[in-house]
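Each chain, letter by letter, is given below.
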Amino acid sequence: MTAPLMLQHCAECGAVQYPRREACMRCLSPDLQWRETPGGGTLLSHTALHVSVDAKWQDRLPVRLALVRLDAGPVVYALAAEDLTRRGMRVTVTRGDDDLLQAGREE
Amino acid sequence: MARRPAAYDGVALVAPVTIGYEKTSEHGAAWFAGAALRALIRKAGIAKEDVDGFALSSFTLAPDTAVAMTAHLGISPRWLEDIPLGGASGLVAMRRAARAVQAGDAEIVACIAADTSRPGAFRDLVANFSVFSREAVYPYGAGGPNAVFAMITRNYMEEYGVTREDFGRLCVAQRINASGNPHALLRDKPLTLEAYLAARVVAEPLHLFDCVMPCAGADGFLVMSIERARSLGLPYAVIKGAVERHNAYAEDPVPTRGGWAMERASLYDQAGLGPEDMDFVETYDDYPVISLMQIEDLGFFPKGEGARFLRETPLTVNGGGLPHNTSGGQLSMGQAGAAGGYLGLVEAIRQLTGQAAGAAIENARHGVVSGYGMVIYDRCLCTAAAVLGRGEP
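Residues numbered from 1 in each chain as written. Chains lettered and ligands numbered in written order. Predicted model: local features only at pLDDT ≥ 70, side-chain atom pairs only at ≥ 80, totals over all residues. Heavy atoms only, no water.

**Some words on the nonpolar core**
Short version of the rule: Take the buried residues of types Ala, Val, Leu, Ile, Met, Phe, Trp, Tyr and Cys, join any two whose side-chain atoms come within 4.5 Å, and each joined set is a nonpolar core. Type-normalised accessible area, obtained with a 1.4 Å probe on protein chains alone, sets the label of each residue: buried when under 20%, exposed when over 50%, and partly exposed for intermediate values. Secondary structure elements are taken from DSSP: a helix is a run of H or I of four residues or more, a strand is a run of E of two residues or more, and numbering for both begins at the N terminus. Contacts are assigned to residue pairs with any non-hydrogen atoms lying within 4.5 Å of each other.
Of all hydrophobic cores here, the largest spans 85 residues; its most connected members are A:Leu65, A:Val68, B:Phe149 and B:Phe300. With eight residues, the single largest contributor to this core is helix α6 (residues 146-160) of chain B. If we ignore the near neighbours within four places in the chain, the residues touching A:Leu65 are A:His46, A:Thr47, A:Leu49, A:Ala78, A:Leu79, A:Ala80, B:Tyr140, B:Ala142, B:Ala147 and B:Met151. Counting 50 residues, the second-largest nonpolar core is a separate cluster that includes B:Trp79, B:Ala88, B:Ala97 and B:Leu345.

**A few points about the environment of B:His72**
Assignment of secondary structure puts B:His72 in helix α2 (residues 66-73). It is 9.8 Å that separates the C-alpha atoms of B:His72 and B:Ala33, two residues lying 39 residues apart in sequence.

**Topic: the packing of helix α1 (residues 29-44) of chain B against α2(B)**
Residues and elements named next belong to chain B. What counts, and what does not: What counts as an axis is a line fitted to C-alpha atoms, over the stretch in contact for a helix, and the angles between N-to-C directions run from 0 to 180 degrees. Comment on the angle field: the value is read as roughly parallel under 35 degrees, roughly antiparallel over 145, roughly perpendicular from 65 to 115, and oblique elsewhere. In a left-handed crossing the near helix is turned counterclockwise from the far helix by less than a right angle, and in a right-handed crossing that turn is clockwise. In this classification, the charged set is Asp, Glu, Lys and Arg, the nonpolar set is Ala, Val, Leu, Ile, Met, Phe, Trp, Tyr, Cys and Pro, and all remaining amino acids, among them Gly, are polar.
The contact between α1 and α2 brings their axes to 11 Å, and the two run at 65°. Between α1 and α2, the angle falls in the class roughly perpendicular. For the element pair α1 and α2, the recorded crossing hand is right-handed. Of the residues in α2, those in contact with Ala-30, Ala-33, Gly-34 and Leu-37 of α1 are Met-69, His-72 and Leu-73. Considering only residue class, the contact of α1 with α2 consists of five nonpolar, two polar and no charged.

**Here we look at the packing of aromatic side chains**
Selection rule: When two rings of Phe, Tyr or Trp (its six-membered ring) have centres within 6.5 Å they constitute a pair, described as stacked for plane angles under 30 degrees, edge-to-face for angles over 60, and tilted for the intermediate range. Two conditions define a charge located above a ring, namely a distance within 6 Å from the ring centre to NZ of Lys or CZ of Arg, and an angle within 35 degrees of the ring normal.
In total, this model carries 11 aromatic pairs over all chains according to the counting rule given. Consider the rings of A:Tyr77 and B:Tyr377, whose centres lie 5.4 Å apart with planes at 85°: the pair is edge-to-face. Taken together, the residues span two chains, with A:Tyr77 in strand β6 (residues 75-80) and B:Tyr377 in the loop between β10 (366-375) and β11 (380-390). The exposure class assigned to B:Tyr377 is buried, which follows from its relative accessible area of 9%. Seen from their ring centres, B:Phe301 and B:Phe309 are 4.7 Å apart, and the 25° between their planes marks the pair as stacked. Each member of the pair, B:Phe301 together with B:Phe309, is buried. Geometry around A:Trp57 places A:Arg60 over its ring, the cationic atom sitting 4.2 Å from the centre. Over the face of the ring belonging to B:Tyr8 we find B:Arg99, whose NZ or CZ atom lies 3.8 Å from the ring centre.

**Thoughts on the packing of α6(B) against helix α11 (residues 288-297) of chain B**
Residues and elements named next belong to chain B. Between α6 and α11, whose axes approach to 10 Å, the crossing angle comes to 55°. Overall, the two elements α6 and α11 adopt an arrangement that is oblique. Residues Phe-149, Ile-152, Thr-153 and Tyr-156 of α6 form the contact with α11, whose own contacting residues are Val-289, Ile-290, Leu-292, Met-293 and Glu-296. Per-class residue counts for the contact of α6 with α11 are seven nonpolar, one polar and one charged.

**Examining the pairing of strand β7 (residues 90-95) of chain A**
Residues and elements named next belong to chain A. As a reminder of what qualifies: Two strands qualify as a pair provided DSSP detects at least 2 bridges between them.
Sheet analysis places strand β4 (residues 40-49) next to β7, joined by three bridges and oriented antiparallel. Residue pairing across strands places Thr-42 opposite Arg-90, the latter belonging to β7. Pairing geometry for β7 and strand β8 (residues 101-105), over five bridges, is antiparallel. Of the residues in β8, the one forming a bridge with Val-91 is Arg-105. Remark: five residues form the turn of the hairpin made by β7 and β8, two consecutive strands paired antiparallel; Asp-99 in that turn has positive phi of roughly 75°.

**Notes on the interface of chain B and chain A**
Inclusion rule: Summed over both partners, buried area is the accessible surface (1.4 Å probe) that two parts give up on being assembled. Whenever a carboxyl oxygen of Asp or Glu lies within 4 Å of a side-chain nitrogen of Lys or Arg, that contact is scored as a salt bridge.
At the interface, 31 residues of chain B touch 30 residues of chain A. For the pair chain B and chain A, the summed buried area comes to about 2800 Å², and 59% of that belongs to carbon and sulfur atoms. Among the residues of chain B in contact with chain A, B:Tyr140, B:Met151 and B:Tyr377 are the three that bury the most area, contributing 27% of the side total. At the junction of chain B and chain A, the tally comes to three salt bridges. A salt bridge links B:Glu158 to A:Arg87, with the shortest nitrogen-to-oxygen separation between them at 3.0 Å. Contributions of two or more residues to the side of chain B that touches chain A are made by α4 (121-127), α5 (131-136), α6 and β5 (201-203) of chain B. Per element, the largest residue contribution to the side of chain B that touches chain A is eight residues, and it comes from α6(B). Looking at the side of chain B that touches chain A residue by residue, the class counts come to 19 nonpolar, three polar and nine charged.

**A closer look at the confidence of the model for chain B**
The predicted coordinates of low-pLDDT regions are not to be read in fine detail. The criterion, for reference: Scored between 0 and 100, pLDDT is the confidence that the predictor attaches to each residue.
Averaged over all residues, the pLDDT of chain B equals 96, while 100% of them reach at least 70. Here the predicted complex scores 0.97 on pTM and 0.97 on ipTM.

Rendered as structure tokens:
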């Protein structure tokens, strides 16, 4: 199960931001709204973690992670599908069951 | 460029000290802060009461801060700073303390970074390092900076054609520099390029010897007037120029440069010197890519030519190239929390005052030191740099 991305949008200037903030990082407006946001983006970089300090992840190593620049603006970390290996490739970011972002190849 | 900042005239940096380093310790951070203050006053030949300014950086002192240490260590300063800026702490403390001495707000400032290391404590530290990382990095298994710098490293390698062998050269040179340094945890563990390349993977493309070893320890120095340093008979270093910049180039999706590039012109303008005048460089080496970025941003090679630079330039103390991280750096000494943000500055003061703990650069007159601290989300936000010079006796 995946759900669409919900990100903070500034009601005054339209800036989209992540991680969530208490003020708009561009115009400092406090009027921020959660809106469904397209998950399309570009792969900036990627890694596979072979070590984690978090016990929860230690039996799921290696953990593949993607760094994605969303078309909407923000840069996000997301769990990555195995075939995300080329910087610049198109990806889609969605929200998974555990509320973590996940990135896959754009269809 | 903004107006040139006032010169740091009349200010002396003296008494570089290092306590530890130890892989783990049963002592608290306050123990290391106390040991550093004791070493500072003994080295300078002053009384504890002479210290009227105190700057402290620590990640492991909670719930205490610098003010609690005044009671803990029995000092009554009239100038106090708590500087939670990680790898930029030393340079920021130096800048502020120098201004305090110039203005007469304090006569002798003790600048100290002290941290302990206990099993399990590192996990607790990284799990709550910042609100952004707690919400958007740690939940992905990426506790600690390895994942963040794996992303930065891969992007830099692919963008500029830098290879693991290139980074290996930097790491091997630092281990050679560490070999005579009694403070370096890994001084007795020589590193070959083959061993670097064969090390186990941590977070692709980072492998074991790209990562620092968390440890316990402290570093410190004193800031006072040149007159006071001379009257105490202390060799001293001077500040030729110093800059800091935070959250620089936030628009870069993956950093390939830092605030050093933004402030480089100001730094060398203040100093009246250029990269070609530097006898050594001390960078903040949490990962080799960050050291390379600092050397690049500080003007030692043109943007994007890091691979060529690393292939052509020996980085050892007496290699005939550019002596870099001459104490071995964090990659060989260990990372004693905030002391990692002091180590390069303390080593620079040592080199410029004829007090090198390990290999000494012959006739070092000028050096540049840079710092980098605080991963809040996808990069460190604090950058700082200084050009230091040898003080005239």
